[in-house]
Each structure stands twice: as C-alpha cells, then as structure tokens.
Number of protein chains: 2
Amino acid sequence: MIGRLNHVAIAVPDLEAAVAQYRETLGADVGAPLDQPDHGVTVVFITLPNTKIELLYPLGADSPIAGFLAKNPAGGIHHICYEVADILAARDRLKAAGARILGSGEPKTGAHGKPVLFLHPKDFNGALVELEQV
Amino acid sequence: MIGRLNHVAIAVPDLEAAVAQYRETLGADVGAPLDQPDHGVTVVFITLPNTKIELLYPLGADSPIAGFLAKNPAGGIHHICYEVADILAARDRLKAAGARILGSGEPKTGAHGKPVLFLHPKDFNGALVELEQV
C-alpha cells in the first residue's frame, strides 16, 4: 500500500541557522522559506536526489509544532510521510486494522496541496506518520 | 555534499508487531530480521521505491538503542542517514564548520558494511544524523 517516502519533516528552533547549515555545511539544495498560514508553519524544502527534507518552523500563535518545540527545544524529527495512491482506501484499511487517524478522520489538504492524513504515533512505533495521496 | 537519503531508522519496542504492521497493514516490502551483534541491534529493512526504513530492535546487553527505548517506550524515529561520496572529506568539512562527530571521530563500519559517522543531534536540529559513504 505505501509507496515512496515523500519527505522527512524536521522541526527547527532557528530556521535561518538550519537553512545555512543544510545549504553551506551539508551542501544540499535548499529552497526559499514558504509561509503556510493555513498550516501554522513556515516550510523550507530541501531536495535530495531521492526524496525531500522539510524544515518546519512555527508560524502564528497556534502553530501545530509549537508544542513539539517546547518539549524538544533543540528541534527534532517531527514526522515521516509515505505516499499512497488512494487515501480513502488507505484510511479504511488502517481503521479496519485498528489504527487511529488523527483529527476528524477525513483527509485534509496538506502543505503540498494534496490530500493528507496523520496517523497516531502510539499506533506506529512512536513515529508520527503522514500519508499523502499522490 | 549530502546525496540520497539512505534510510530512516525507527527504534521499535516490539519487532514482531512492527514487522506485521508494515507488512500487512501498510503493505510494504519487509525483509527478514538480521541480527547484528557488532552493532547491538536486530535490523529489519523495509524497501520503499526510493529509500529504506530500518526497524531497530535491541540485541544484547549493551545495545546502543536501549537508552532511547527506555526514554521512548513506544519507540520513535531514531536517526536519518544521508549518503556521501567521501566520508573523510565530509567529516573534515563538518568539523571545520564546528559540528561534533560522535565517538572517536573516525568512521566505523556500519550496518551495511560501509564507513559511517554519526553527528551530534544538538548540532543538527535535534536530529541524529548518520553519514554513510556509498
């Protein structure tokens, strides 16, 4: 069911420093910061040859990653995103297996403009998993 | 400098359950468990179309992931691994930029039989980063 690893998201406490580090020290292909007010984050995409890293930085008062950074002041790996061909079929298969979908259980439009769902970390080895329909 | 994302490693508290979940619920291509006594882990490779997930489970009394699982009983994303062409050149560039290399600072032979280094998470946004020469 799951396909490619679409991205690994890393929450960072200092976006400028993280951008400089990935661009200059690690020599990666780092994009420009993109504010995503609907998602409460500023995102920087790092394009690797086979997948992407997304740096996440809080935007606005109710950022969904503010709590994560409060618990992890140095930052940390926030989630991984697997691609699926049919997100509703994926959701139904996961629910039938007893996995919990975060939020309403209905796909939302994610940071890439595509339907996404997040799965409960306690059901997935402590890892927050995003599914994105591609 | 960094190339492909070689893998994402997830430490799991119950390897059989994690294998069943990735194989049956998530429908992924999951390999057989491989004991790696030199590294203190049992590893299961999950082959995605563009990269790998590695499930890590403690092996032996001094497993390097025992402490992580004690702090994260449900498991969690343990590290990400970037490929580099020349690990000594990568190390020297990182050291010159002030990044700390874990351990002796000399590459060791990693779980894939290739030279690896681990970088200090506090220098990399709270994310444990492995570099592997490929």
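Residues numbered from 1 in each chain as written. Chains lettered and ligands numbered in written order. Predicted model: local features only at pLDDT ≥ 70, side-chain atom pairs only at ≥ 80, totals over all residues. Heavy atoms only, no water.

Stated precisely, the cut-off is as follows: UniProt positions are given in the numbering used here, feature names are shortened, and annotations may be inferred rather than shown by experiment.
Per an unreviewed UniProt entry, the recorded name for chain A is methylmalonyl-CoA epimerase, and the organism is Roseicitreum antarcticum. Per UniProt, chain A has the following entry under Catalytic activity (unreviewed entry): "(R)-methylmalonyl-CoA = (S)-methylmalonyl-CoA". Taken directly from UniProt, the Sequence similarities (unreviewed entry) text for chain A runs: "Belongs to the methylmalonyl-CoA epimerase family."

1. Things to note about the overall build of chain A
How we decide: Runs of H or I in DSSP of at least four residues are treated as helices and runs of E of at least two as strands, each being numbered from the N terminus. Note on method: radius of gyration uses C-alpha positions; expected globular size equals 2.2 Å times residues raised to 0.38. A 1.4 Å probe rolled over the protein chains alone gives each residue an accessible area, and that area as a share of the maximum for its type sets the label: buried under 20%, exposed over 50%, partly exposed in between. The Shrake-Rupley method, run with a 1.4 Å probe, gives the accessible areas here. Residue values count only the displayed protein chains as cover.
A count of helical and extended segments in chain A gives three helices and nine strands. Listing every helix and strand of chain A by position from the N terminus yields β-α-β-β-β-β-α-β-α-β-β-β. The C-alpha atoms of chain A give a radius of gyration of 15 Å, which matches the 14 Å a tight globule of 134 residues would have. Expressed as lengths along the three principal axes of its C-alpha atoms, the size of chain A is roughly 45 × 35 × 25 Å. The proportion of buried residues among the 134 residues of chain A is 50%. With the model as given, the accessible surface of chain A reaches about 5900 Å², and the carbon-plus-sulfur share is 52%.

2. A look at helix α1 (residues 15-25) of chain B
Convention followed: Whether two residues are in contact is decided by their heavy atoms, any of which lying within 4.5 Å being enough.
Taken residue by residue, α1(B) has L15(B), A18(B), V19(B), Q21(B), Y22(B) and T25(B) as its buried positions. Packing partners of the buried residues in α1(B) comprise β6 (76-84) and α3 (87-96) of chain A together with β1 (5-11), β2 (29-30), β4 (41-47) and β5 (52-58) of chain B.

3. Describing the pairing of strand β6 (residues 76-84) of chain B
Residue and element names in this part refer to chain B. Selection criterion: DSSP-based pairing: two strands are paired if at least 2 bridges between them are found.
Burial runs high along β6: nine of the nine residues are buried. Looking at chain direction, β1 and β6 are connected through six bridges and run antiparallel. Looking at the pairing, V8 lines up with I80 of β6. Two strands pair when backbone bridges link them, and β6 and strand β9 (residues 129-133) are joined in this way by five bridges, in the parallel orientation. Note on β9: the bridge partner recorded for Y82 is L131.

4. What to know about the pattern of salt bridges
Residue and element names in this part refer to chain A. To keep things clear, this is the line we draw: Any Lys or Arg side-chain nitrogen found within 4 Å of a carboxyl oxygen on Asp or Glu counts as a salt bridge.
A complete count under the given rule lists eight salt bridges over all chains for this structure. A salt bridge links D92 to R91; the shortest N-O distance between them is 3.2 Å. Overall, R91 belongs to the buried group, its relative accessible area being 11%. The network of salt bridges with shared partners includes R91, D92 and E106.

5. Thoughts on the nonpolar core
Defined as follows: Buried Ala, Val, Leu, Ile, Met, Phe, Trp, Tyr and Cys residues form a nonpolar core when they are joined through side-chain atoms within 4.5 Å.
Counting 64 residues, the largest nonpolar core has L55(A), Y82(A), I10(B), Y22(B), L55(B) and Y82(B) as its most contacted members. In this structure, Y82(B) is in contact with I10(A), Y22(A), L48(A), I53(A), I2(B), R4(B), L5(B), N6(B), V129(B), E130(B), L131(B) and E132(B), ignoring residues within four places of it in sequence.

6. Description of the side chain of T25(A)
Here T25(A) lies in helix α1 (residues 15-25). Since its relative accessible area comes to 15%, T25(A) is described here as buried.

7. Brief notes about the interface of chain A and chain B
What counts, and what does not: What counts as buried area is the accessible surface, traced by a 1.4 Å probe, that two parts surrender upon association, with contributions from both included. Only Asp, Glu, Lys and Arg are considered charged, only Ala, Val, Leu, Ile, Met, Phe, Trp, Tyr, Cys and Pro nonpolar, and every remaining residue, Gly among them, polar.
Contacts between the two partners involve 37 residues from chain A and, on the opposite side, 37 residues from chain B. When the two sides are added together, the surface that chain A and chain B hide from each other amounts to roughly 3200 Å², 63% of it contributed by carbon and sulfur. Inspection of the region where chain A meets chain B yields zero salt bridges. Counting only elements with at least two residues in the side of chain A that touches chain B, the list comes to β1 (5-11), α1, β6 and α3 of chain A. Looking at side-chain class alone, the side of chain A that touches chain B contains 22 nonpolar, 11 polar and four charged residues.

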